[in-house]
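Take a look at the letters that make up each chain.
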Amino acid sequence: MCALELDDVSVRFRDGEGWTYALRDVSLTVSAGEFRAVTGPSGSGKSTLLAVAGLLLTPTYGTVRIGGKDVSEASATARTDLRRADIGFVFQQPHLLGSLTALEQLQLVARLDGDRSAATTEHAKELLDQVGLGHVMHKRPSALSGGQRQRVGIARALMGDPKLLLVDEPTSALDLERGLAIVDLLRTLTTERRLGTLLVTHDLATLAERDEVVRLVDGRIPEPQPVPGWSP
Ligand code: ADP
Ligand code: ADP
C-alpha cells in the first residue's frame, strides 16, 4: 500500500510574462513502512513538494494519491478532511504552546475535535513513551530541551494515526548528535507504526547510507547518469 504517490507532478507559478516551474514531472512514491528523504539546494522545490504531498497546494499537472486514493481533483473540504485523517506534519520548529505540558499539547489536538476521552489520553501517553518522553510528559516546553520539544512535535503529529508523515527540516535547530537521534527516531516510528515518511532535509549528515534519498535539482528529479563505457 502506498501512503503517497506523485505521478508526473508539475507546479508552476506566474513569473511576469512567463512561468516559473517549482516542480517539473516529479514522480515519487512512499510506501507504508518506508522512510524517504528529499534533499536539494535552496529553490529546488522541496517546500513545494511538501505542500503538494500535504494537499496544501494542488499541482498544475499530474496526479497525487494518498493511501491509493486519487486526490488530484478533491475539493478543498475533502482535502482538509484527508489531511486531518491521513497526514501528520512535523515542522522545523514544533510551535508548542508555552502554558501546556507535553501531554496537554497532544490532548489539545483531540480536544479541538471535541474528544476528551480517556482512551485518547492513553494514546497520547503511549506516543510520548514511544518518543522517549514518558518521564517528562507533565513538563512545559520551557522545562524541556530542544530535542525533547521536537519529540513532542513528532508525537503530536502522530495523534491522528496518520498514514503519511511529512517532515520539514526537523533537525536544523539541533546539534548533530540530537539531530541524529531525531532522524533515528523517525526511522523507528516509520517501521513500528507502518508510516510512509517523507523527510525534507539539508542536513545530509543525519542521513544514513541505507536511507532512500531523492535529490531535487531545479524542480526535477534528475535521471541517474549513465556510467561512461558501461553497457548492460
Ligand atoms: P525550496 O523549498 O527547495 O527552497 P521552493 O519549493 O520554495 O524550494 O521553491 C521552488 C521554486 O519555486 C523557486 O524558484 C521559488 O522561487 C518558486 N516558488 C515557490 N513558491 C512560489 C510562489 N508562491 N510564487 C512564485 N514562485 C514560487
Ligand atoms: P536532549 O539531549 O536535548 O534532551 P534528545 O533528543 O537527545 O534531547 O533526547 C530527548 C529525550 O529522549 C531524553 O530525555 C532521553 O531520555 C530520550 N531519548 C533519547 N534517545 C532515546 C532513544 N533512542 N529511545 C528512547 N528515548 C530516547
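Conventions and cut-offs
Residues numbered from 1 in each chain as written. Chains lettered and ligands numbered in written order. Predicted model: local features only at pLDDT ≥ 70, side-chain atom pairs only at ≥ 80, totals over all residues. Heavy atoms only, no water. Near = heavy atom within 4 Å. Polar contact = N/O pair within 3.5 Å; in protein donor to acceptor, adjacent residues only side chain to side chain. Areas by Shrake-Rupley, 256 points an atom, 1.4 Å probe, with all protein chains shown as cover. Helix = DSSP H or I, 4+ residues; strand = E, 2+ residues; numbered from the N terminus. Nonpolar A, V, L, I, M, F, W, Y, C, P; charged D, E, K, R; others polar. Pairing = 2+ DSSP bridges.

Looking at an unreviewed UniProt entry, one finds the protein chain named Putative ABC transport system ATP-binding protein and attributed to Flexivirga oryzae.

Visitor: I tried to follow the site of ligand 2 on my own but got confused; where do I start?
Guide: In the vicinity of ligand 2, the contacting residues are Gly 132, His 135, Ser 145, Gly 147, Gln 148, Arg 151 and Arg 178. At 3.2 Å from an oxygen atom of ligand 2 is found a side-chain nitrogen or oxygen belonging to His 135. Separating an oxygen atom of ligand 2 from a side-chain N or O atom of Gln 148 is a distance of 2.9 Å. When ligand 2 sits alone it has 550 Å² of accessible area, and the protein chains cover 55% of it. The dominant element in the shell around ligand 2, judged by the number of residues it contributes, is helix α5 (residues 146–157), at 3 residues. The residue inventory of the shell around ligand 2, partitioned by class, reads no nonpolar, 5 polar and 2 charged.

Visitor: What should I look at first to understand the pairing of strand β4 (residues 61–66) in this one?
Guide: A regular strand places its side chains so that they alternate between the two faces of the sheet. Of the pairings in the sheet, the one linking strand β1 (residues 2–15) to β4 comprises 5 bridges and is antiparallel in character. Note on β4: the bridge partner recorded for Leu 6 is Val 64. Here β4 runs beside strand β5 (residues 69–70); their pairing, made up of 2 bridges, is antiparallel. If you follow Arg 65 over to β5, its bridge partner there is Asp 70. Counting the residues in the hairpin turn of β4 and β5 gives 2 residues, including Gly 67, whose phi is positive at 55°.

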